Amino acid sequence: MAVRVQSDDFDLGLEVAELTRDTRVIGAVVSFIGLVRDTTGGDLTSMELEHYPGMTEQALAAIDAEATKRWSLSGSMVIHRYGDLKTGEQIMMVATASAHRKDAFDAAEFLMDYLKTDAPFWKKEHLKSGSQWVESKASDEDAKDRWKT
Amino acid sequence: MKQLDVLYFAWVRERIGIPKERITTDAATVSDLIAELCAKEERYQMAFQDMTVVKVAIDQTLSPLDASLEGAREIAIFPPMTGG
């Protein structure tokens, strides 16, 4: 159960190795990586990620704690970067470890869905022709709502 | 009167032109505070013309626009998040 907010890149393999080290009870690890994607057909030069220091860490920790409450997890890791990222670079990752795959899959999806709408990050696309803030999608709110009980 | 640190992010920050300011106010809720700012200067009206795309955190916790500012110290106003 850990959360990191950093400008540096990360290594998913190392993070997963750390998550599963010194334990024999983990049968499943699910991981997800989000990448900077060009939706403009070659116009994107970089993606700027702004965040709200302090609240970001708190919000991610709260989402992580909720996932740990809902599913039987042996460990989890959320890393989200900020700053200027180039096309194809890693933006963030989540990894969840559990005895069984269903808990790991569901918890990873839950973490992603909540992170999208509740963690204070904003993306700005820098294009050859100017720059624009990425707009949030209604489908992100819908994805989160399916977890409401 | 109370003093609040008011933070702006993303395009809200760009439209207002500063990331942070200290405001002395009597506003009871975030909505009241925003109305007060809009009455003051046009750049606030530009930032807050569509309140359906504005979110608020009181002391780093997401809060509704009509939440009370009683005891609050830090208010943040920003567009919907787009992380992940």
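In case you missed it, the structure is sitting above this.
A brief report on the enclosed structure follows.

Conventions used here
Each residue is numbered by its place in its chain's sequence as written, counting from 1. Think of it this way: whatever chain is written first is A, whatever ligand is written first is 1, and the rest follow in order. pLDDT decides what is reported in this predicted model: residues at 70 or higher carry local features, side-chain atom pairs at 80 or more are listed and counted, and totals for whole chains, interfaces and linings draw on all residues regardless. The side-chain numbers reported here are obtained from all heavy atoms of the structure, hydrogens and water having been left aside. Residues are said to line a cavity or pocket when one of their atoms sits within 4 Å of a point; the points come from a 1 Å grid over protein atoms alone, cavities being sets where a 1.4 Å probe fits but cannot get out and pockets being open sets with protein on both sides within 12 Å along at least five of seven lines. Grid points are joined across faces, edges and corners, and a volume is the space filled by probe spheres set on the points. Secondary structure elements follow DSSP: runs of H or I of four or more residues count as helices, runs of E of two or more count as strands, with numbering from the N terminus. Each residue gets one of three labels, nonpolar for Ala, Val, Leu, Ile, Met, Phe, Trp, Tyr, Cys and Pro, charged for Asp, Glu, Lys and Arg, and polar for the others, Gly among them. Any pair of residues with heavy atoms lying within 4.5 Å of one another is described as a contacting pair. Note on terms: buried area is the combined drop in 1.4 Å-probe accessible area of two parts once they are placed together, counting the loss on both. Here a salt bridge means any side-chain nitrogen of Lys or Arg lying within 4 Å of a carboxyl oxygen belonging to Asp or Glu. For the exposure calls, accessible area comes from a 1.4 Å probe over protein chains only, and a residue counts as buried if that area is under 20% of its type's maximum, exposed if over 50%, partly exposed in between. In this tally Asp and Glu are treated as negative and Lys and Arg as positive; neither His nor the chain ends contributes. A 3.5 Å cut-off defines polar contacts: any pair of N or O atoms within that distance qualifies, except that in protein one atom must be a possible hydrogen donor and the other a possible acceptor, and neighbouring residues in sequence count only when both atoms are side-chain atoms. Planes of paired rings set the category: under 30 degrees apart is stacked, over 60 is edge-to-face and the rest tilted, where pairs are Phe, Tyr or Trp rings (Trp by its six-membered ring) whose centres lie within 6.5 Å. Here, nonpolar core refers to any group of buried Ala, Val, Leu, Ile, Met, Phe, Trp, Tyr and Cys residues whose side-chain atoms link them within 4.5 Å. Should DSSP find at least two bridges between two strands, the strands are regarded as paired. Lines fitted to C-alpha atoms define the axes here, with helix axes fitted over just the stretch in contact, and angles between the N-to-C directions of these axes take values from 0 to 180 degrees.

All right, on to the layout of surface pockets then. Roughly 520 Å³ of volume is contained in the largest pocket. Around the largest pocket, the lining comprises 26 residues; the ones closest to its centre are A:R37, A:K116, A:K123, A:K137 and B:G84. The set of elements that each furnish at least two residues to the lining of the largest pocket consists of β2 (28-35), α3 (101-118), β7 (121-127) and α4 (138-145) of chain A. No other element matches α3(A), which puts six residues into the lining of the largest pocket. Class assignment for the residues of the lining of the largest pocket results in 11 nonpolar, six polar and nine charged.

The next point concerns the interface of chain A and chain B. Listed per partner, the contact involves 26 residues of chain A and 19 residues of chain B. Carbon and sulfur atoms supply 54% of the area that chain A and chain B bury against each other, a total of about 1800 Å² over both sides. One salt bridge connects A:K124 with B:E14, and the closest N-O pair in it is separated by 2.4 Å. Elements represented by at least two residues in the side of chain A that touches chain B include exactly β3 (44-51), α2 (55-70), β6 (90-98), α3 and β7 of chain A. Here the element with the most residues in the side of chain A that touches chain B is α3(A); it accounts for five residues. A class-by-class count of the residues in the side of chain A that touches chain B yields 13 nonpolar, six polar and seven charged.

The subject of this paragraph is the side chain of A:D43. Residue and element names in this part refer to chain A. One can find D43 in the loop between β2 and β3. Buried and without a salt bridge, D43 has K128 as its closest oppositely charged side chain, separated by 5.1 Å. Side chain to side chain, D43 and S129 meet in a polar contact 2.8 Å long. Those residues in contact with D43, other than ones at most four positions away along the chain, are D38, H126, L127, K128 and S129.

The geometry of two aromatic rings is summed up by the distance between their centres and the angle between their planes. The tally for this structure, following the rule as stated, stands at eight aromatic pairs over all chains. When the ring of A:F110 is compared with that of A:W147, the centres are 5.7 Å apart and the planes differ by 85°; the resulting orientation is edge-to-face. Separated by 37 residues along the polypeptide, A:F110 in helix α3 and A:W147 in the segment after α4 bring together distant segments of the chain. A relative accessible area of 1% means that A:F110 is categorised as buried. Classification of A:W147 by relative accessible area gives buried; the value is 12%. Taken together, a centroid distance of 5.1 Å and an interplanar angle of 15° make the contact between A:W122 and B:F9 stacked. On the criterion of chain membership, the pair formed by A:W122 in strand β7 and B:F9 in the loop between β1 (2-8) and α1 (10-16) is interchain, its members lying in two chains. Using a relative accessible area of 1% as the deciding quantity, one classes A:W122 as buried. Look at B:F9 and you get buried, because its relative accessible area is 8%.

Ranked by internal contacts, the top residues of the largest apolar core, which has 35 residues, are A:Y52, B:Y8, B:L33, B:F48, B:L69, B:I75 and B:I77. Each residue touching B:I75, except ones within four places of it in the same chain, is listed here: B:L4, B:D5, B:V6, B:L7, B:L33, B:A57, B:I58 and B:L69. Listed in part, the 29 residues of the second largest apolar core include A:V36, A:M92, A:V94 and A:L115.

Right, let's talk about the sheet that holds β1(B) for a bit. Residues and elements named next belong to chain B. The mixed open sheet is built from five strands, whose spatial order is β2-β1-β5-β3-β4. Of all strands in the sheet, those with a lone pairing partner are β2 (20-25) and β4 (61-63), marking the two edges. Within this sheet the neighbouring strands show an average axis-to-axis angle of 30°, counted without direction. Direction of pairing for β1 relative to strand β5 (residues 74-78): parallel, over a ladder of four bridges. Bridging across to β5, D5 finds its partner in E74. The strands that helix α2 (residues 30-40) touches are β1, β2, β3 (55-58) and β5; relative to β2, the one it contacts most, it runs at about 100°.

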